[in-house]
Amino acid sequence: MKNWFPKGFFSRNETLVAVVIIGFCIIATISDPLFFSVTTLSDLLRASIVMGILAVAVMLVLVSGGIDVSFTAIAVFAMYSSTLIALSIWPEMPWYIIFAISISIGAALGAINGILIAGFGLPTLIVTLGTLSIFRGFLLTFIGSERISALPPEMREFSRMMIARGTTESGNFYSLPWAFAALILVIALTWFILQKTMLGRAIFAIGGSHESARRIGINVKATQFFIYVYVGMLAGLAGIIFGSMGRMADPFSLVGWELSVIAAVVLGGARLIGGYGTLTGTLLGVALIVLVQNSLIVIGIPSTWQSVTIGVLILVGTGLPAYQAKRAAAKSA
Amino acid sequence: MKNHNNSNILESPEFRMAIIAISVFVLMSLLSPERFLSSQNIISMAFQFPEFAILALAMTIVMLTGGIDLSVVGISNFTAVVAAIILTQFASPDMSLQASILWYGGAIFAALILGAVCGYTNGILVAYLGLPPILATLGSGLVFTGFAVALTGGSAVMGFPEVVAWLGNERLLGIPVPLIIFIVLAFGLHILLSRTSFGLKITMYGANPLAAFFAAIDINRMLIKVYVVSGMLSAIAGLVIMSRANSAKADYGSSYLLLAILIAVLGGVNPYGGYGKIIGVVLAVLSMQFLSSGLNMLQVSNFARELIWGSLLIIVMIINSTNWIKQKKNAIKPIKSS
């Protein structure tokens, strides 16, 4: 029976998270049969687009042994300034150009992180804490602090493009926007980079050990620089999707999500010390966090307990493997 | 560590911080002499900074072990909310003075115990379960904040007896009470770190965990004590905030987390552990307060302040990082050669 599963299947974080998700859904369905429907599924999928893209970015950073908390500020900075650019120079600008601008702004901000981390060798947490407040402070001081609800029409058009929409037999409306394809695309691209290129191997290698990676001839600095630029690009994309789908460019939004996103990634089994992390785990982690954020009330836990629930999930989800690792290390020593 | 003490004092991060503190003070005095140097401003600054300065002390002691405590603000809000609930449930504004002092004392005691328990939880997670400090305190911080939200439903708790205002707003012999609390705590922590074996163990562990282990230091016990101290300091900060705001809420001081890390790093505390002096942290606190008040008088928005804080953090990191890399190399060498 056990041979059917890969080695260590039952002690992996992915399995644990998947079991919790399934358990959550079963309890939710028992307490409210309406929970188990296409409508809920499409709601959850829609809610996980932005967080999913951000989580993939964070996962990449964690795999490389760093941490990034500035990505929310990059996302909102890129979203807000690209909206402003579009409105001021060409309001009819096609959505893909606005997206490209947002992604480029994200890449530029990510490059700042990259220079500070790869170039100066500063600790990633403190650099990104600093750039978080720099980006946000710069955005709100010099670019603008007003909410813009009159978005370029093409952005609104984008949010109306649906892969599937309809009404269930019980009369509930469901829809899945094309923005979801962006998440799929990001996952595919990141999977390709991590699994099929030397760059991906290098990211895992520097996460395992900077020194060993350097000695086998990996250009650690260039790899780190790439990672933070890539994270910036994904953040820019997530930001503009968030703005389009919310139909509002709000410079105060998104910042404050960083801990939830990191929580999702960490729950999915990515290790903070680097060298380990999977896309499957990350997506399961996102699914769990989105479930907790949107449907906690369905299983009878008041939504004021949301933050406690996420905190406990992080502690249990990361504490168990850490404890196992510690015991294994003690045994072998 | 001895090397560092003997090395040129002009190169120490504390000396740099002293220069920054003095230059910010002089700059702000020059830019708005009447208002910045007014006694009213000096006193209001003395009331403002202790709350986040105490959080910075809590961050400092954890950073000395090479860890970080992301739960400081969570602990301070959680303990303040519990103290506030005790005060609103059992005491009332129209109580006799003695009774309200008694209840206030009880609430403070409960908050301190709760802070210690929160810190103990962090310590167990880090020491015995082997969680990385960032994760342990990220998770526990969410849990503590979450408890505060769940207890209050997200709204502020208010309606305290008048004595509660004393801790944050009154003066003792002309000196603001919060400032006295901060001075006592900073001095106490300085003694703890520089004059006790516990302080030496913290520094040794931070400089080189493996060497500390082989030096037969009970690392788990030491780590738990460090997080308990950090938790209790956070609780005290929470009580000061509660007194100054005359209420308690789950999301007070959310910007203080970044500020506490910023101050510790500015003050020359090595985020990799092993080096840091309280005097540096105090100087960093003063610089931040001078900067913050000065910018306020120059009508600079809060957002610009955030921008300036972030830039300052990065710039000081770049200047200090050369020193840290040197120190870390020195610390690692002896192991490799043996």
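Cut-offs and rules
Residues numbered from 1 in each chain as written. Chains lettered and ligands numbered in written order. Predicted model: local features only at pLDDT ≥ 70, side-chain atom pairs only at ≥ 80, totals over all residues. Helix = DSSP H or I, 4+ residues; strand = E, 2+ residues; numbered from the N terminus. Rg over C-alpha atoms; globule rule 2.2 N^0.38 Å. Buried ≥ 20, exposed ≤ 12 C-beta atoms within 10 Å, placed from the backbone. Contact = placed C-beta atoms within 7 Å. Axes fitted to C-alpha atoms, helices over the stretch in contact; angles between N-to-C directions. Left-handed = near helix turned anticlockwise from the far one by under 90°. Nonpolar A, V, L, I, M, F, W, Y, C, P; charged D, E, K, R; others polar. Core = buried A, V, L, I, M, F, W, Y, C linked by C-beta atoms within 7 Å. Expected span 1.5 Å × (residues − 1). Bend = angle between axes of the 7 residues up to and from the residue. pLDDT = per-residue confidence, 0-100.

**Student:** Describe the overall build of chain A, listing the residues and the values that go with them.
**Tutor:** What chain A contains, in helices and strands, is 13 helices and 2 strands. For chain A, the C-alpha radius of gyration of 20 Å lies close to 20 Å, the compact-globule estimate for 333 residues. Expressed as a percentage of its 333 residues, the buried residues of chain A come to 47%. The contacts of chain A with a sequence gap of at least 6 include a subset with a gap of at least 24, amounting to 77%.

**Student:** An account of the environment of A:G281 is requested, with residue identities and associated values reported.
**Tutor:** Residue and element names in this part refer to chain A. Here G281 is to be found in helix α12 (residues 279-295). The exposure class of G281 is buried, given the 26 C-beta atoms found within 10 Å. Residues G281 and A164 lie 117 residues apart in sequence; the distance between their C-alpha atoms is 26 Å. Once residues within four sequence positions are removed from consideration, G281 is found in contact with N13, E14, V17, G268, G269 and A270.

**Student:** Quick one: what's the story with the packing of helix α4 (residues 95-119) of chain A against helix α5 (residues 124-143) of chain A, residue by residue and with numbers?
**Tutor:** The packing of two helices is summarised by the inter-axis angle and the distance between the axes. Residues and elements named next belong to chain A. Viewed as axis vectors pointing N to C, α4 and α5 meet at an angle of 145°, and their least axial separation amounts to 10 Å. Judged by the sense of rotation from one axis to the other, the crossing of α4 with α5 is right-handed. Residues L109, I112, N113, L116 and I117 of α4 lie in contact with α5, whose contacting residues are T124, V127, T128, T131 and F135. Of the residues assigned to the contact of α4 with α5, the class counts are 6 nonpolar, 4 polar and no charged.

**Student:** Break down the interface of chain B and chain A for me, with residues and values.
**Tutor:** Counting residues at the interface gives 37 residues for chain B and 40 residues for chain A. Secondary structure elements with two or more residues in the side of chain B that touches chain A: α7 (133-152), α13 (256-266) and α15 (302-337) of chain B. It is α15(B) that contributes the most residues to the side of chain B that touches chain A, 13 residues altogether.

**Student:** Can you break down the nonpolar core residue by residue, with the values?
**Tutor:** Counting 213 residues, the largest nonpolar core has A:I53, A:L54 and B:A260 as the members making the most contacts within it. Residues in contact with A:I53, not counting those within four places in the same chain, are A:A182, A:L183, A:V186, A:L234, A:L237 and A:A238.

**Student:** Go over α4(A), please, and point to the residues and values.
**Tutor:** Between the first and last C-alpha of α4(A) there are 35 Å, a value that for 25 residues agrees with the 36 Å anticipated at 1.5 Å per step. A positive backbone phi angle near 65° is found at A:G121, which sits one or two residues after α4(A).

**Student:** Can you tell me about unusual backbone geometry, naming the residues and giving the values?
**Tutor:** Residue and element names in this part refer to chain B. The backbone of A216 sits at a positive phi, close to 65°, despite the residue not being glycine. Structurally, the position occupied by A216 is in the loop between α11 (209-214) and α12 (219-245). Backbone geometry at N246 places phi at a positive 55°, although glycine is not the residue there. Inspection of the secondary structure assignment puts N246 in the loop between α12 and β4 (247-248).

**Student:** An account of helix α2 (residues 38-63) of chain A is needed here, citing residue identities and associated values.
**Tutor:** The sharpest bend along α2(A) comes to roughly 45°, located at A:I49. Following α2(A) by one or two positions, A:G65 adopts a phi angle in the positive range, close to 90°.

**Student:** Explain the confidence of the model for chain B residue by residue, including any values.
**Tutor:** All names here are of chain B. Counting all residues, the mean pLDDT for chain B is 82, and 91% of those residues have values of 70 or more. Across chain B, element-level confidence peaks in α12 with a mean pLDDT of 90 and bottoms out in helix α1 (residues 2-6) with 46. Below pLDDT 50 for its whole length, residues 1-6 participates in 2 contacts with residues either more than four positions away or in separate chains. Counted against residues more than four places away or in other chains, residues 333-338, with its pLDDT under 50, gives 2 contacts. Both confidence scores are given for the complex: pTM 0.84, ipTM 0.82.

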